[in-house]
Amino acid sequence: MTDLITKSAVKEQLEGQNVAGDFYDALDEEVATVLENAARRAEENDRKTVQPRDL
């Protein structure tokens, strides 16, 4: 599976917080699920373009 998030961006967003090593994998899986659901919703609406409203 391709990494969908970057550790540096997550660390920057969570400035001042410690981040557990396994957090990144869990976050990456969550993002993958969101993308899969958005793609399915676009397809269900007969579109090939995923739009913000699919989130």
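Preceding this paragraph is the structure being described.
None of the values given here were measured: they were computed from a predicted structure.

### A few points about the overall build of the protein
Reasoning step 1: From N to C terminus, the protein includes 2 helices and 0 strands.
Reasoning step 2: Relative to the compact-globule value of 10 Å for 55 residues, the protein shows a C-alpha radius of gyration of 14 Å, a clear excess of over 25%.
Reasoning step 3: Projected onto its principal axes, the C-alpha positions of the protein cover 45 × 20 × 10 Å.
Reasoning step 4: For the protein, buried positions account for 16% of its 55 residues.
Reasoning step 5: Roughly 4800 Å² of accessible area belongs to the protein as shown, and the carbon and sulfur atoms make up 47% of that amount.
Reasoning step 6: The positive charge centre, built from 7 side chains, and the negative charge centre, built from 13, are 7 Å apart in the protein.

### Re the pattern of salt bridges
Reasoning step 1: A full pass over the atoms with the stated rule returns 3 salt bridges.
Reasoning step 2: Taking the shortest distance from any N to any O, the salt bridge between Asp54 and Arg41 comes out at 3.3 Å. On the criterion of sequence distance, the pair formed by Asp54 in the segment after helix H2 (23-44) and Arg41 in helix H2 is long-range, its members being 13 residues apart.
Reasoning step 3: Accessibility expressed as a relative area gives 4% for Asp54, which makes it buried.
Reasoning step 4: Residue Asp54 pairs with Arg47 through a salt bridge whose shortest N-O separation is 2.7 Å. Each of the two residues, Asp54 as well as Arg47, counts as buried.

### A few points about unusual backbone geometry
Reasoning step 1: One non-glycine residue, Asp46, adopts positive backbone phi at about 55 degrees.
Reasoning step 2: Considering the arrangement of structural elements, one finds Asp46 in the segment after H2.

Reading the values: the criteria
- Residues numbered from 1 in each chain as written.
- Predicted model: local features only at pLDDT ≥ 70, side-chain atom pairs only at ≥ 80, totals over all residues.
- Heavy atoms only, no water.
- Helix = DSSP H or I, 4+ residues; strand = E, 2+ residues; numbered from the N terminus.
- Rg over C-alpha atoms; globule rule 2.2 N^0.38 Å.
- Buried < 20%, exposed > 50% of the residue type's maximum accessible area, 1.4 Å probe, protein only.
- Areas by Shrake-Rupley, 256 points an atom, 1.4 Å probe, with all protein chains shown as cover.
- Lys, Arg positive; Asp, Glu negative; His and termini not counted.
- Charge placed at Lys NZ, Arg CZ, Asp CG, Glu CD.
- Salt bridge = Lys/Arg side-chain N within 4 Å of Asp/Glu carboxyl O.

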